[in-house]
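Examination of the molecular architecture
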Amino acid sequence: PDPDPHAYLARLNPEQRCAVEHGGVGEPAGPLLVIAGAGSGKTNVLAHRVAHLVAEGADPGSILLLTFSRRAAEEMSRRAERIVRQVAVGRPHLAGAKLAWAGTFHSVGARLLRDYAPRIGLNPAFTIHDREDSADLLNLARHELALADTAKRFPRKHTCLAIYSAVVNTLAPLGEVLQKRYPWCLDWEDDLKRLFRAYVEAKQAQHVLDYDDLLLYWAQMAAEPALAQEIGAHFSHVLVDEYQDTNALQASIVRALKPDGRGVTVVGDDAQSIYAFRGATVKNILDFPAQFTPPARIVTLERNYRSTQPILAAANGVIARAAEGYGKSLWSERESAERPQLVSVRDETDQAAFVVEDVLARREAGIALKQQAVLFRASQHSATLEIELTRRNIPFVKFGGLKFLDAAHVKDALAVLRWIENPRDRVAGFRVLQLMPGVGPKTAAQVLDLLAGVQDVAMALREVRVPPAAAQAWQDFLALVDALYNRELPWPTEFEAIETWYAPHLERLHGDAEVRQGDIVQLAQIARTYPSRQRFLTELTLDPPDATSDEAGVPLRDEDYLILSTIHSAKGQEWSAVTLLNAVDGCIPSDLATGSPQEIEEERRLLYVAMTRAKDHLQIVVPQRFYITQQQGYGDRHVYAGRTRFIPPGMAELFETRVWPEAAAQPAASPPPTEFVELLSKMKAMWK
Ligand code: ATP
Ligand code: MG
């Protein structure tokens, strides 16, 4: 018997099915919004909708799928392609269907820009700066304008970049951004304007783009009627996941791609909006339907398929106490006698020991490490745990923040590659030149000025005079440049040439050259997995691989490993067991975020996101002795943090409370009184 080609639809509930089939066959249907709570199947609906469109005849090459991370894009493409293969019986053209356009806004933007660069006066050989490089370039401009010297009060490079980025992403005037978010920088408005102008000019002259430019230029292309039509026509459908975390610029891109909303599907959850601090606005999702005439169709989903009922009840308890109402009633059919746990431990050391013990116990019980995740508010919160895991030889992968790529030696090697790719990239050139013995910032700047306008860089470099100390190194460098610049070597071999060239510098510059050499070897290994120099550089910059306990920084394949992740990087994902670290006031809400009620509410949503990642087991750990630093009139005050305010005593019955280690249950090591802690810190301060 023929398998039912629509079997995949039968797995969906009626509302989900309605969203998947919206519009039927033929002409792309009008805009669709799926707004629904965590774990209700939004992402699943998106994957099914993509598969359904392909099965019904849409060209997979014309479907644009925008997700929050590369991991999410890969995962969703895999899901959709698997469904398509199931319906491909008797329709061989479907068997190998591949989604060509799935990725983040930034990576899709980068691809489109390479194709269309000349049409908007952009050099297609541009290189992309990560946030650190962007801050460095801003800093160069800051020094050139002598803004770095005027007292020390001028905002630092990272603040400047944050302000710049906020302006670009919210499409709001500088004055307004300063007023709202950086009031202490208001005095500098004119200087900041000058600085940003210089920064923009530098980027243009050097053919470099920062992250924001990828969106900005894309939006600009979209504003050009002829181009907009062409790009818009390339995509029959545009689908966006996690729409609640898009910013104004991203919304304008979607709108420009499909002005009438035909073929547009966006899904999201306003209760999970956690990127306002970076310019995202929940307005995008709330205002979406009314943007179009006729307005978008809205589908809501209320059944949660992910979590057990007790986990959902606790998460709902947190979000129900929010200042704004999210008006959702999620329910789950997954009964369980196990309530989520509130685990009290003495301090961070005990917390790490507890997590390890519990994770191992669950593995014994048949839950693989990969099915377990440990989440935290800020990347540094996992430090103690990482040490403990390493000591106990438990492999882990850490999402969100790969330190390996930030290491100086890794940046050096990448800078060489980037400079070859784009000789005008001043930040890269600056870095490379200063590797030569005897070359400092001044000489480097002179050399770069010399190269600024020239056509043949390899040639011009021969004319450069370097200090005698650098003579030999310079000759070696010229040989490398010749080989790479003329593309004499095929791609991954290029990287090996850099490795060989860099080795003596590494030896000279770093005491621990051997360890660092290992990193470079690993980088070469990663390089080999990319088809070209440009793709390697672009993707490494936009979406670096995750860090692992393996020093290498290369994801361990086929092995079982524990997941460590910031809450931000965990969004959209799910695990059988989830443990949240440091559930204390000061961590969540973060003491950096307690400025305004809006910020605090965003922290509440973060906790909600964390809790709703758990399918079967949820643990929230509260260390009793966790110092936080409070700013007070004159100087800092160290105090013990209490349990997060988002789980007030009134919610206790939703949890099972537990003290660890259990033996300590008798007289729980109570923290010394606050006054005493303060006294201690005062005594220390006396001797500073
Ligand atoms: P989040 O808001 O966290 O991103 P989501 O709404 O995108 O969540 P999904 O990740 O798509 O939710 O789905 C959550 C879980 O529920 C997944 O494991 C998914 O496979 C499962 N699921 C979704 N719909 C159904 C269904 N109709 N039948 C069975 N399982 C389902
Ligand atoms: Mg999702």
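Residues numbered from 1 in each chain as written. Chains lettered and ligands numbered in written order. Predicted model: local features only at pLDDT ≥ 70, side-chain atom pairs only at ≥ 80, totals over all residues.

Brief notes about the overall build of the chain
Along its length, the chain carries 28 helices and 20 strands. Taking all 688 residues of the chain together, 43% fall into the buried category. Counted over contacts in the chain with a minimum sequence separation of 6, partners at least 24 positions apart contribute 76%. (Helix = DSSP H or I, 4+ residues; strand = E, 2+ residues; numbered from the N terminus. Buried ≥ 20, exposed ≤ 12 C-beta atoms within 10 Å, placed from the backbone. Contact = placed C-beta atoms within 7 Å.)

A closer look at the site of ligand 1
Taken together, 18 residues form the shell around ligand 1, and within it Gly41, Lys42, Thr43, Asn44 and Tyr305 come nearest. Per-element accounting of the shell around ligand 1 gives the leading share, three residues, to helix α3 (residues 42–55). (Near = placed C-beta within 6 Å.)

Focus: unusual backbone geometry
Omega for the bond connecting Thr293 with Pro294 falls within 30 degrees of zero, at -10 degrees, which places this linkage in the cis form. By secondary structure assignment, the location of Pro294 is in the loop between α14 (283–287) and β8 (297–299). Going from Trp660 to Pro661, the amide bond is cis rather than trans, its omega being -5 degrees. Topologically, Pro661 is positioned in the loop between β20 (656–659) and α28 (674–686).

Things to note about the sheet that holds β8
With respect to topology, six strands assemble into an open sheet ordered β3-β2-β6-β7-β1-β8, the strand pairing being parallel. For this open sheet the edge positions go to β3 (101–104) and β8, each flanked by a neighbour on one side alone. Taken pair by pair, the neighbouring strands of this sheet meet at an average axis angle of 15 degrees, ignoring direction. For strand β6 (residues 237–240) and strand β7 (residues 264–268), the ladder comprises three bridges, and the chain directions are parallel. Within β7, the position partnered with Leu239 by the bridge is Thr265. Against the sheet, helix α6 (residues 105–116) contacts β2 (63–67) and β3, and its axis sits at roughly 120 degrees relative to β3. (Pairing = 2+ DSSP bridges. Axes fitted to C-alpha atoms, helices over the stretch in contact; angles between N-to-C directions.)

Describing the nonpolar core
Most often, soluble globular proteins have nonpolar side chains that are buried together. In terms of nonpolar packing, the biggest core is built from 66 residues, with Val34, Val50, Leu65 and Trp218 touching the most fellow members. Beyond its immediate stretch of four places on either side in the chain, Val50 contacts Ile63, Leu65, Ala80, Leu99 and Leu239. (Core = buried A, V, L, I, M, F, W, Y, C linked by C-beta atoms within 7 Å.)

Considerations on helix α11 (residues 211–223)
For α11, which comprises 13 residues, the first-to-last C-alpha distance of 19 Å matches the rise-based estimate of 18 Å (1.5 Å per residue) to within 8%. Counting buried positions along α11 gives ten out of 13 residues, so the element sits mostly inside the fold. Along α11, the residues that are buried comprise Tyr211, Asp212, Asp213, Leu214, Leu215, Tyr217, Trp218, Ala219, Met221 and Ala222. (Expected span 1.5 Å × (residues − 1).)

Considerations on the pairing of strand β17 (residues 614–623)
For β17, a buried count of eight out of ten residues is recorded, marking the element as mostly surrounded by other parts of the structure. Direction of pairing for strand β11 (residues 341–345) relative to β17: parallel, over a ladder of five bridges. Of the residues in β17, the one forming a bridge with Val345 is Pro623. Where strand β16 (residues 575–580) and β17 come together, five bridges link them in parallel fashion. The partner of Leu580 across the bridge, within β17, is Ile620.

With respect to the UniProt feature "binding site: ATP" (unreviewed entry) in the chain
If you check UniProt for "binding site: ATP" (unreviewed entry), the listed places come out as Ala36, Gly37, Ala38, Gly39, Ser40, Gly41, Lys42 and Thr43 in our numbering. If you trace the backbone, Ala38 turns up in the loop between β1 (32–35) and α3. Since 25 C-beta atoms lie within 10 Å of it, Ala38 is described here as buried. In contact with Ala38, other than residues within four places in its own chain, are Asp269, Gln272, Asn304 and Thr612. Its place among the elements puts Gly41 in the loop between β1 and α3. Excluding its chain neighbours within four sequence positions, the residues that come into contact with Gly41 are Gln16, Leu301 and Tyr305. (UniProt positions renumbered as here; feature names shortened; annotations may be inferred.)

So, the packing of helix α18 (residues 408–421) against helix α23 (residues 491–509)
Following both chains from N to C, one finds α18 and α23 inclined at 135 degrees, their axes separated by 11 Å at the closest point. Accordingly, the angle class assigned to the pair α18 and α23 is oblique. Crossing of α18 against α23: the hand is right-handed. Mapping the contact onto sequence places His409, Asp412, Ala413, Val416 and Leu417 in α18 and Ile498, Tyr502 and Leu506 in α23. Of the residues belonging to the contact of α18 with α23, the class tally is six nonpolar, one polar and one charged. (Parallel < 35°, antiparallel > 145°, perpendicular 65-115°, else oblique. Left-handed = near helix turned anticlockwise from the far one by under 90°. Nonpolar A, V, L, I, M, F, W, Y, C, P; charged D, E, K, R; others polar.)

Focus: the environment of Pro589
As for its placement among the helices and strands, Pro589 is situated in the loop between β16 and α27 (597–611). Judged by C-beta crowding, with 22 C-beta atoms within 10 Å, Pro589 ranks as buried.

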